[in-house]
Structure formats: C-alpha cells, structure tokens
Amino acid sequence: MKCKKCDSIGTLAIRKEYFFCDDCFLSYVNHKFRACIGKNTKIKPKDKALLCLSGGSSSIVLLDLVMNSVSLETHKKLRITPVLLHITGLKNDSLNQRNSQLLHDLSKKYNTVINEVNINDYKWKNTVDLNFCTKFLGLTHNPTAKLDYEAKIKQNLYYEVAKEMECNLIFTGETNTTLAQNLLSNIVMGRGSQVENDIGFCDGRNCNVKLLRPMRDLSVEELDHYKRIKKLDSVCDTNISVNSIQKVISNFVDELQTNSPATISTICKTADKLGTAAKDIKESQICSLCQSNLDVHNSKLTAIEAISFSKRISSGDISKAIKICSNELDNVESSNFLFPDYNITLCYCCSKTYSELNNTSV
Amino acid sequence: MPVLCKTGCGKNAVLKRPKTGDVLCKDCFFWAFETEIHYTIIKGNLFKSGDAVAVAASGGKDSTVLAHVLKTLNERYDYGLNLMLLSIDEGITGYRDDSLETVKRNRDDYEMSLKILSYKDLYGWTMDEIVEQIGRKNNCTFCGVFRRQALDRGAAMLNVKCIATGHNADDIAETVLMNILRGDIARLKRCTAISTGSEGTIPRVKPLKYTYEKEIVMYAHYKKLVYFSTECIFAPNAYRGHARALLKDLEKIRPSCIMDIIYSGETMAVKEDVSLPSQRTCSRCKFVSSQEVCKACVLLEGLNKGLPKLGIGKSSKAKRMLDEYHAKQQMSIDELNKEFQANNCIAKGKTCRSGGCKSNGLISNDCQGNKNKNEHLNEKANEMLTVYLLPDDECIVNGISPTDNDQENFEEIACEGSCGGGSISIAF
Ligand SMILES: [Zn+2]
Ligand SMILES: [Zn+2]
Ligand SMILES: [Zn+2]
C-alpha cells in the first residue's frame, strides 16, 4: 500500500489498482490537467478564458485547478485571465439559490468575482426562435428533447457571454465520465457527425472563440478524492429527468464506471478518432442552433431518407412515393417531408428536438 | 371504436407501426413494408438486372422475410434477379437441424434453389464438437468467424454476384453501440454500410437495413410465413449483450433511436490520421482477412491442435501460444525418441505401433500413434492456457474488459437468426 510516486504510505487507491499519498495525488491531478491543456493547445499571453461553472463536482475542481495554476509564481504559472460564469435559470429556485451561494463563497475565497447570467433574461442574437427560452422550466412533456435543447442553448450562451466579456477561450468541466455519456447520447440522438466538436478536447465550431475541455482525462473517482483532500464542497448539478434517453445512458455509464472503468476511457479514445463523413465541409451551411455543418454525408441514401420515405408512405402519399422510387422526385424534397426546417436552418437532430418541443399535444 | 387506416384507404387499422407510430390496415402495412425495402434496394443500388443473388438463409424470421420480400419485389418490379438460398449448417443439434427443415420449406414455397454447406464439410468440425472442446464460452466467436467465411465459400461455389443478408435496423444499431463500447473503429466504420466487400470478394448487401425487427415479426405473422423462432442456444458475447440491453431500454423511450443511431454511423467517419487495418487475403485459405492468416484459419488450427482458445483474443498471444506449443511438442517428441531408443535396446527393434507411421521406429511429428502421450500433451497445453488465457465472457459479464486493439478483436457479425433478437413484444 505504498504511494506509487514517493514510497510513503498510500492514503487512497485509484481503480483499486494503485495507491497515492495525498500530496502526490494532488500533483498527479494537477499534472493531468496541465498536460491536457499543454498537449492540445498553445496558451498565449493575454488569453482570457471564460470558466463555465455549475457548482457541481467537476466545475469546483476545475475552478480550484485554474485558480491555483494562475496564482503560481514559477514558470509553471498558467498565463490566462480567468473569468467566472454561472448560468442560472435552469433549475428551480432553491437549487439555483444553493448553487449561487456556493459559487459566491468560492469566488470570494479565490479573490475574484462570479458573473451570473440568467438564461431566461439573455438577449438572443443568433439563435433560432427563442421563445422557448422563457418557458424552460415549463417544458416537461419531452424530457429528452428538452435536455438536448438546453445543452445547445447553454452552449450558445457561453459563446455570447465570451464575446461580450472579450474572452477568446472557454473552459468547461466535462470529465471522462461525462464525455462518455455525451458520446453515447450523441450517437443515440443522431449527432454522430458532431462527435468531434462535442466530445473532443477542442470545439472549433466558432472561429473566434475556442471551447476547451481540460478535465477530460480525469474521472469522477479522481474528482472525489481531490475534493475530499482539499475539503471542497459541491452541489448536485445534474437535473436529468427520469424518462429520458440521457438518463438511460447516464445509468448505463455509471454502471460501467463501477464495473469496468477502462471501458470509459475506451469510449473516450474512440471519440478522438471520429470526424465527419462529409467531404466538402467548407461549403456547408451551419445549423443555427448547434452551429454544426448541415451537409454531413455524401450518400444518396441515409436513415433520414429512409425514415422520411416511411412517413410519407404510411400517411398515404403513394403517388409521390412511387415517383421517388423511380427517381422522378428528388431526395431533398422527400427529406423535407420529415421536418419543415430540416436542411434549411437546422440540422437533423436540432430539427427533431425543435419539432418535438413544439408539439405539445403529444 | 375502430380507427381508420392512416393512408385514407377507408379500411380499419389493425396495427400501429413501431417505426413511425402510424396506424395502418393490413394491406397498407404490407404495401408500406415492401415498398420501403424496394426504395432501399433502388436508392442503395444493391442489385443489377441479371445478377445471381444468394440469400443467406438461416430459417429465422429475418432471412425468411427477406427471401419472401425479394421474391415478391423481383416479380413486381422486374428486377431480373436470379435468387437462390444459401444455408450454413453449423451442426448444432436441436437448433440447426430443425431450422434447416424450415429453410427447405422456404425453398419449396418460394421455388428457389437451395445450397446447404456444413461446418463439418468446410472445417471438419461441427459446432457441437467445437463446444465439446471449448465449453460454452466464446461460441459466438467461432460461429461468427466460421459463418462469415462459410457464406463467402458458398457464394463462390454458387457463382453469385452478391450475398443478401437479413441484418435489420435493430441489428445494425446494436452493432454500432457494441463497436463503440469495445473501441473497434474499423468495424464501427464498416457496420452501417449498406453494401460491403473489398476487391476480390463477393459483396454483401443488407436490404433490411432500415427495417425494424418488430415490423419483420409483424409482417411474418400477418403473412403467415413459416420460420424457426428458437433462439440460438449459445449466449452472445458480453459486449453485444450490453449493447442489446442498452438499445432495448433506449427504444422504450424513443423508438426512432434505432434510425438515429444508424444515421450517426452513416454520417461520421474515422479521422484521416487514424490508421486502420487494411483488408487482404489469408495466406492459407485465400479468403478475406485483416491479417496474414485469417481468424478462421487460426481458430481451426487451435481446434486441430487441441488449443481451442487459440485465436480468441490478441493475435500476438495466439502466436506465442502456438510457438510454445510447438516448442513443447518438439521437446516431448525428443524425449519420446530418447525413451524409445533406450527401450529399443531391450525391445529389439519394435517399430511404432501406430500403423500410419512407417518410419524406422522413431516417432515423428506426423505420427499420430502415441495416444497417451498426446493426451499428456493436451494437458500441458491446457496448463499453458491457464497462463495465457485472455479474459473471456465469464470474466467480462459484470463489466466489459478493456480492448484497445483495433486489429486484434475477433470477427463479429450478428449471427443472422442464430443469436438475433431478444424477446419481442409487439403493441398492436
Ligand atoms: Zn443542429
Ligand atoms: Zn389501409
Ligand atoms: Zn484463412
């Protein structure tokens, strides 16, 4: 039970495999964090980074790691100016209150301030119809679509705030566990072509601001030890509703985390190898909700054409269906049968989310 | 109160389509089901007029429905295809012999020719005999690897242009999830392709790629098609089991997720800087392989040498196992020969009793004579196995074992019919 690094007595075990003493563990986590930034991007002096904080475990640890790194006086100092952001309005009032309080206390401790933005008050500039935003908490008929929409809106908000605060970087706190969940959710929701930006270290969809995920090599287990040693509090930041795709996946990943943590890193490694199938992406239009490319494949026949054909045929549009089969009618037109906005302003998944949220009668 | 069919045909609806949620009458469902497969065939450019096409027939629901629909569409839309059935007899008592009876009925009902190839003929082993050797683990590996190649061999014998398999949308979605869980990038890329096959091989096409499993069951039910519905008696591997369970849970919440997962697979690609194993031909059997010697040949070699676990896992380990096996065998042979020579002085020139061996009495590698010694060798091999054994299904049940190797994962295809589909509940 000796520490892997220094031979003193180990105080904690990682994956039941090896041991660390507290000091070596903290420097190990810090090293992983810095290495992740170091090997993936070049930090330039004057870089200003927006830290997106929810009050949950990973955001608390992210904040601690960044604040410690920027206050160093050695050559290891992280030369960025951090700007703290907390988005409110996503949870009920008492939860919001608790998260805000915690983040206020913490920012005082680090001698800085936290900026709060309520998602419902924000003036939307680029995004689609944002009437939804004002009724976030009211939307409960389709938890899957709501969570998907919420994630995209939050991301848009990060970029808007970053622009306003003149930040050229955004740091978010996804751990490898969260990213494994996000990868599976992406796949299951049809966002396979967006994996690179949604799960990779760097989201490059916005050309002025880069979104980075410096916590991606850390696991939930490691965060828990870090918080315990440093006596950091956190609040619960998940609000995944029961009957949703995201909840099923999060349960599945939790089980993997317990029984087979190596699979989590296998999944994350898989994500690093995936890109999009589209060849000429420079010409592509951008989805106005998730900012992904709209042209994502080169093939005449994908699941979208197939499902759209099925919908057409089972609503009795037989003459057109026959014309499509004999190539008299175009695929593009048949795709639009599915969602009115598909391929015009929204990608397939955003179209679906949008139409499911609009369709309150179901 | 009866609900009217969504198409407006005026008849009463009898079912709700799992794929779209629409309520349809029987006739409109048949028409929709068949026309969608027609659409897939046309848009996917699966066949050319005049092609000879082998339908991989297991006797299960997927391949039975596939044969039926292909025959129907071939006549209705004048594809000009020469359709025939190709069946593989794995030699699983109580499973395959019954399902082959079903395939024979398909042959008579659809008036197609039928070719049955057995594992015994192709490889010298039935699945029953293989199971006797390896126990009830990893059966899916053997079965999948052998079946894949058996179909290629059969198609070559029949001289067809392509093989149509009964993989449905659920199978494909499940395979996407499975390949993500085990980090198998190469197969992740391949598994959503509607038509696969590299140069020099006979392409496989999946006309049921966008067809829901539940609708296949409904179609077979209303058409009163005869199929064999017992599931394969062997359990699928742990990854597939995990993926299947996950998909069933997801489908309950959002039935469209099956198509969405396929769409994800179709629209993502492996980044250019990631190297993938290239496909080539096996140096022994000349069929497709990602390595020098194909998985089927490695597994077969293992079986024939009494090292049945050979090839289940990393190929580097397989090679080491084989090398050690050969080294030990050589050592034992040397020992035997020494012993023989020592005994020979007393026994005065008795020759080897095996009959097959006409050597001067020394036991050579080819000599199968000394049964006892061979058993002894097997024991040693088994000892070795406990050292080199990779975690197999039993160990992975509660969590999936780490495999970071893209090339060395074993071949895995959804055994059509054999292991397909868990329990199916249909909401009418
Ligand atoms: Zn989008
Ligand atoms: Zn009807
Ligand atoms: Zn071979």
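An unreviewed UniProt entry annotates chain B as Cytoplasmic tRNA 2-thiolation protein 1 of Leptidea sinapis. We quote the UniProt Sequence similarities (unreviewed entry) comment for chain B here in full: "Belongs to the TtcA family. CTU1/NCS6/ATPBD3 subfamily."

Taking an unreviewed UniProt entry as the reference, chain A is identified by name as Cytoplasmic tRNA 2-thiolation protein 2 belonging to Leptidea sinapis. Its UniProt record, at the heading Pathway (unreviewed entry), says of chain A: "tRNA modification; 5-methoxycarbonylmethyl-2-thiouridine-tRNA biosynthesis." In its Sequence similarities (unreviewed entry) section, the UniProt entry covering chain A states "Belongs to the CTU2/NCS2 family."

Q: Explain the coordination of the zinc ion (ligand 1) to me, using residue names and the numbers behind them.
A: Residue and element names in this part refer to chain A. The zinc ion (ligand 1) binds to the protein through Cys287 (SG), Cys290 (SG), Cys347 (SG) and Cys350 (SG); the donor distances cover 2.2 to 2.3 Å. Within one chain, the residues donating to the zinc ion (ligand 1) are spaced in sequence as C-x2-C-x56-C-x2-C. Here the two residues Cys287 and Cys290 agree in accessibility, since each one is buried.

Q: Before we move on, can you summarise the environment of Ile80 of chain A with the specific residues and values?
A: Residues and elements named next belong to chain A. Mapped onto the fold, Ile80 is located in strand S4 (residues 80-88). Residues Ile80 and Leu50, 30 residues apart in the sequence, show an inter-C-alpha distance of 10.0 Å. Aside from chain neighbours lying at most four places away, what touches Ile80 is Ile43, Asp47, Ala49, Val66, Val70 and Phe171.

Q: Would you mind going over the packing of aromatic side chains in detail, with residue names and values included?
A: In this structure the tally under the stated criterion is 14 aromatic pairs over all chains. Each ring, one from Phe29 of chain B and one from Phe30 of chain B, has its centre 6.3 Å from the other, and the planes form 45°; the classification is tilted. Classification of Phe29 of chain B as buried rests on a relative accessible area of 0%. A residue is classified by how much of its surface remains accessible, and Phe30 of chain B, at 11% relative accessible area, is buried. With centroids separated by 4.2 Å and ring planes inclined at 15°, the aromatic side chains of Phe33 of chain B and Tyr219 of chain B adopt a geometry described as stacked. Remark: Tyr219 of chain B occurs in helix H9 (residues 213-222) and Phe33 of chain B occurs in helix H1 (residues 26-43); sequence separation between them is 186 residues. Take Phe33 of chain B and Tyr219 of chain B: they sit in the same class, and that class is buried. An aromatic cluster is present here, built from Tyr18, Phe20, Phe25 and Tyr28 of chain A joined pairwise through their rings. When the ring centre of Tyr18 of chain A is taken as origin, the NZ or CZ atom of Lys4 of chain A, which lies over that ring, is 4.1 Å away.

Q: Explain the pattern of salt bridges residue by residue, including any values.
A: Residue and element names in this part refer to chain B. What the rule picks out here adds up to 36 salt bridges over all chains. Asp22 serves as the salt-bridge partner of Lys6, at 2.8 Å between the closest nitrogen and oxygen. In this pair, Lys6 is assigned in the segment before strand S1 (15-16) and Asp22 in the loop between S1 and strand S2 (23-24), connecting sequence segments 16 residues apart. Residue classification places Asp22 among the buried residues on the basis of a relative accessible area of 9%.

Q: Just give me the short version of the interface of chain B and chain A, but keep the residues and values in it.
A: On the chain A side, the residues contacting the 56 residues of chain B number 61 residues. The tally of links from chain B across to chain A stands at 3 salt bridges. Put simply, Arg254 of chain B and Glu356 of chain A hold a salt bridge, and the shortest N to O gap is 2.9 Å. Inspection of the region where chain B meets chain A yields 15 residue pairs in polar contact (both at pLDDT 80 or more). Of all the secondary-structure elements, those providing two or more residues to the side of chain B that touches chain A are H1, helix H7 (169-181), helix H8 (185-190), helix H10 (238-253), helix H11 (257-267) and strand S9 (268-270) of chain B. Each residue belonging to the side of chain B that touches chain A can be placed in one class, and the counts come to 27 nonpolar, 15 polar and 14 charged. Relative to S9 of chain B, strand S9 (residues 274-276) of chain A runs antiparallel, the two sharing 3 bridges. From the neighbouring strand, Gly275 of chain A faces S9 of chain B, where its bridge partner is Ala269 of chain B.

Thresholds applied
Here, residues in each chain are numbered from 1, in the same order as that chain's written sequence. Starting at A for chains and at 1 for ligands, labels are handed out in the order in which the entities are written. The predicted nature of this model means local features are confined to residues of pLDDT at least 70 and side-chain atom pairs, given and counted, to a pLDDT of 80 or more, with totals for whole chains, interfaces and linings taken over all residues. Side-chain metrics rest on all non-hydrogen atoms present in the structure, leaving aside hydrogens and water. UniProt positions are given in the numbering used here, feature names are shortened, and annotations may be inferred rather than shown by experiment. Listed donor atoms are N, O and S within 2.8 Å of the metal (Na, K and Ca: 3.2 Å). As water is not included, a site may look incomplete. For every residue, the accessible area (1.4 Å probe, protein chains only) is compared with the maximum for its type, and the residue is labelled buried under 20%, exposed over 50%, or partly exposed between those bounds. The helix count covers DSSP runs of H or I at least four residues long, the strand count covers runs of E at least two residues long, and both are numbered beginning at the N terminus. Residues are treated as being in contact if the distance between any of their heavy atoms lies within 4.5 Å. Geometry of aromatic contacts follows a simple scheme: Phe, Tyr and Trp rings, the Trp one being its six-membered ring, pair when their centres are within 6.5 Å, and the pair is stacked under 30 degrees between planes, edge-to-face over 60, tilted otherwise. By the criterion adopted, a ring carries a charge over it if an Arg CZ or a Lys NZ lies within 6 Å of its centre and within 35 degrees of its normal. Salt bridges are counted wherever a side-chain nitrogen of Lys or Arg sits within 4 Å of a carboxyl oxygen of Asp or Glu. The term polar contact refers here to a pair of N or O atoms within 3.5 Å; inside protein, the definition further demands a hydrogen-donor-capable atom paired with an acceptor-capable atom, and it admits residues adjacent in sequence only when both atoms are side-chain atoms. Under the grouping applied here, Gly and all other residues not named as nonpolar or charged are polar, the nonpolar ones being Ala, Val, Leu, Ile, Met, Phe, Trp, Tyr, Cys and Pro and the charged ones Asp, Glu, Lys and Arg. Each pair of strands is called paired provided DSSP finds at least two bridges between the two strands.

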